[in-house]
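Chain and residue survey
Here's the letter readout for the chains.
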Amino acid sequence: MTFGTMIRAERLRKGWTHRQVARRAGISPTALVYIENGQTRDPRLSLVVALCDALGVRWWLHGVDDVPTTMGRRRQANE
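None of these values were measured; they are calculated from a predicted model.

Looking only at helices and strands, the protein chain has four helices and two strands in total. Along its sequence from the N terminus, the protein chain presents helices and strands in the succession α-α-α-α-β-β. Residue pairs at least 24 apart in sequence account for 38% of intrachain contacts in the protein chain once pairs closer than 6 positions are excluded. By element, 51% of the accessible surface of the protein chain is carried by carbon and sulfur atoms, the whole surface being about 5,400 Å².

Pasting the structure below:
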């Protein structure tokens with residue numbers, strides 16, 4: 001499963017529109033469509049974090065002790 005298909009599946013599971021998720025993540029609905037369709041390759045980490053946070057999806061990076069989020073706080077990799 002790609003990042004885009006995971007985001008789409010979670011959005012649809014919640015019954016949310018592109019506009020609702022995009023607003024929560026601070027991006028345009030068009031950008032979200034591109035991500036879901038795999039038209040955006042290698043999205044920035046800050047975008048991945050914003051989308052995961054908007055959807056309430058847990059995320060982590062293997063081999064990294066902690067990662068700064070777009071909200072200025074830090075998450076532990078084992079959270």
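Here we take up the pattern of salt bridges. For the coordinates displayed, the defined rule picks out four salt bridges. A single network of salt bridges, built from pairs that share partners, joins Arg8, Arg11 and Glu36.

About the cut-offs
Residues numbered from 1 in each chain as written. Predicted model: local features only at pLDDT ≥ 70, side-chain atom pairs only at ≥ 80, totals over all residues. Heavy atoms only, no water. Helix = DSSP H or I, 4+ residues; strand = E, 2+ residues; numbered from the N terminus. Contact = heavy atoms within 4.5 Å. Areas by Shrake-Rupley, 256 points an atom, 1.4 Å probe, with all protein chains shown as cover. Salt bridge = Lys/Arg side-chain N within 4 Å of Asp/Glu carboxyl O.

Nothing here speaks to function; it is geometry throughout.
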